[in-house]
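Listed below are the residues making up each chain.
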Amino acid sequence: MPLINLQNININEYKSLAGLCTIGAGGTAKYFAEPSSPDELCKILEHTKNLPVYIIGGGSNILFPDGLMNALVVSTKKLNAIQWEKNFVDVQAGYSLPMLVKNFRDRNIGGLEFAAGIPGTLGGAVAGNAGTSGHGICELIESVLTLDSSDKFRLYDSDNIKFEYRKCSLADEKIIIISARLKLDNSLCWNEDEYKKNLLRRKNQPLNFRSAGCTFKNPENFSAGKLLDDCGCKNLSVGSAVVSDMHANFIVNTGNASYSDIVGLIEICRKKVFDLTGIKLEQEIKTAAPCFVLQ
């Protein structure tokens, strides 16, 4: 694909998005870049002014639209520095969440066992308050460094961030998460039993197929997967998008599923559950949306 070389920083033109997300669907981005530092990111944004900016980490819970996106898509994968201190660890947004879990385990530091088996990057985990078993990454957040549409860096203390179930207020503020400082409780040792228990949950998920993780959030006092299963959603399909027969809260790409196929199947499942139970499921998979347009 064509390349724009900007002071030794490459910006790709006409990048296929299907390979950037775990469900393997989506169209083409007009521009794509992988900065390796916040300064590189600022230079890229300056070069592509007036275009919508989309951010992607591990691509594990995102859907990109079909067709050509006249936009800049930025991957944070090379923003992956990590620095350990006595009571904190500073982690850039593109750092692998599974690798961070391994680091905690290797250092015998407790507090991140709930994240066992969760894919993606730290930035995505913060934006979506990733977690399981009643826990979330918000429990460890001390502060988050962001970049806004004015090309300004801002540090948010945890007290100024609102975290909810699979949600973080920063995701609504049209900013880019650059890094996060996590608190370390050095008196809390790693709990191997809890870690293994959380890993076991993944055995009931269709890990051998391309997916974007859980399709819907769990409604209060209900399991989305059970509701979908009870309402007969398993094996429903639109094109190559199929509701997994292993876990009904997963839509898998069995061939060349398009964004339209997946979204269509999501709506069929949502309607089926609502018609039979009166419960309106809220989507957990994120449909790609721009952070901002740099003016």
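Keep in mind the model is a prediction, meaning the values are calculated, not measured.

Calculation rules
- Residues numbered from 1 in each chain as written.
- Predicted model: local features only at pLDDT ≥ 70, side-chain atom pairs only at ≥ 80, totals over all residues.
- Heavy atoms only, no water.
- Helix = DSSP H or I, 4+ residues; strand = E, 2+ residues; numbered from the N terminus.
- Rg over C-alpha atoms; globule rule 2.2 N^0.38 Å.
- Buried < 20%, exposed > 50% of the residue type's maximum accessible area, 1.4 Å probe, protein only.
- Contact = heavy atoms within 4.5 Å.
- Areas by Shrake-Rupley, 256 points an atom, 1.4 Å probe, with all protein chains shown as cover.
- Lys, Arg positive; Asp, Glu negative; His and termini not counted.
- Charge placed at Lys NZ, Arg CZ, Asp CG, Glu CD.
- Arc of directions from axis to C-beta.
- Salt bridge = Lys/Arg side-chain N within 4 Å of Asp/Glu carboxyl O.
- Core = buried A, V, L, I, M, F, W, Y, C linked by side-chain atoms within 4.5 Å.
- Pairing = 2+ DSSP bridges.
- Axes fitted to C-alpha atoms, helices over the stretch in contact; angles between N-to-C directions.

Q: An account of the overall build of the protein is needed here, citing residue identities and associated values.
A: Of the regular secondary structure elements, the protein holds 6 helices and 21 strands. Relative to the 2.2 N^0.38 estimate, which gives 19 Å for 295 residues, the radius of gyration of the protein is 19 Å and therefore close to what a compact globule would have. Seen along its three principal axes, the alpha-carbon backbone of the protein occupies a region of about 55 × 50 × 30 Å. Per-residue burial for the protein yields a buried fraction of 47% across its 295 residues. At a minimum sequence separation of 6, the contacts of the protein that also span at least 24 residues come to 64%. Total accessible area on the protein is roughly 14,000 Å²; 47% of this is exposed by carbon and sulfur atoms. Of the charged side chains in the protein, 32 are positive and 32 negative, and the gap between their average positions amounts to 3 Å.

Q: Tell me about unusual backbone geometry, residues and numbers included.
A: The phi dihedral of Tyr-14 is positive, around 55°, even though this residue is not glycine. By secondary structure assignment, the location of Tyr-14 is in strand β2 (residues 9-16).

Q: Which residues make up the environment of Leu-281, and what are the values?
A: With respect to the element layout, Leu-281 can be found in the loop between α6 (259-277) and β20 (286-287). Take Leu-281: its relative accessible area is 1%, and that puts it in the buried class. For Leu-281 and Ile-176, which are 105 residues apart along the polypeptide, the C-alpha to C-alpha distance reads 28 Å.

Q: Tell me about helix α1 (residues 38-47), and name the residues and values.
A: Taken residue by residue, α1 has Pro-38, Leu-41, Cys-42, Ile-44 and Leu-45 as its buried positions. Viewed along the axis of α1, the buried residues span an arc of 165°, placing them on a single side of the element.

Q: Please give an account of the pattern of salt bridges that cites residues and values.
A: Going through the model one piece at a time under the given rule, you end up with 13 salt bridges. Of the charged contacts in the structure, one is a salt bridge between Lys-217 and Glu-282, with a shortest N-O distance of 3.1 Å. Linking Lys-217 in the loop between β16 (210-214) and α5 (224-230) with Glu-282 in the loop between α6 and β20, this pair joins segments that are 65 residues apart in sequence. Across the pair Lys-226 and Asp-230 runs a salt bridge whose closest N-O atoms are separated by 2.8 Å. In this pair, Lys-226 and Asp-230 both sit in helix α5, 4 residues apart, roughly one turn of the helix. One salt-bridge network, in which partners are shared between bridges, spans Glu-85, Asp-90 and Arg-181.

Q: A description of the environment of Cys-189 should follow, citing residues and the corresponding values.
A: The topology assignment puts Cys-189 in the loop between β15 (176-183) and α4 (192-201). Exposure remark for Cys-189: the relative accessible area of 46% places this residue in the partly exposed category. Each C-alpha atom of the pair Cys-189 and Ala-29 lies 44 Å from the other, and the pair is 160 residues apart in sequence. Excluding residues within four positions of it along the chain, Cys-189 makes contact with Asn-108, Ile-109, Gly-110 and Glu-113.

Q: Tell me what's going on with the nonpolar core, and back it up with residues and numbers.
A: Side chains of nonpolar character tend, in soluble globular proteins, to be buried together. If you look at the biggest cluster of nonpolar residues, it comprises 37 residues, and the most contacted ones within it are Phe-64, Val-73, Leu-228, Ile-262 and Leu-281. Contributing elements (two or more residues each) for this core: β3 (28-33), β4 (52-56), β5 (62-63), β6 (68-75), α5, β18 (241-243) and α6. If sequence neighbours within four positions are ignored, Phe-64 has contacts with Leu-17, Cys-21, Ala-25, Gly-26, Ile-56, Met-69, Val-73, Tyr-259 and Ala-288. Ranked by size, the runner-up nonpolar core spans 34 residues in total, among them Val-89, Tyr-95, Val-144 and Tyr-195.

Q: I'd love a proper account of the sheet that holds strand β19 (residues 250-253), names of residues and values included.
A: The strands that make up a sheet are held in pairs by hydrogen bonds between backbone atoms, and each pair lies either parallel or antiparallel. An order of β16-β19-β18-β17 is seen for the 4 strands of this open sheet, with the pairing classed as antiparallel. The two strands at the open ends of the sheet, each matched to only one other strand, are β16 and β17 (237-238). Here α6 sits on the sheet in contact with β17, β18 and β19, set at roughly 30° to β18.

Q: Tell me what's going on with the pairing of β15, and back it up with residues and numbers.
A: A large share of β15 lies buried, amounting to 6 of its 8 residues. Note: strand β8 (residues 88-92) against β15, 5 bridges, orientation antiparallel. Its bridge partner lying in β15, Phe-88 is registered against Lys-183. Here strand β11 (residues 141-147) pairs with β15 via 6 bridges, running antiparallel.

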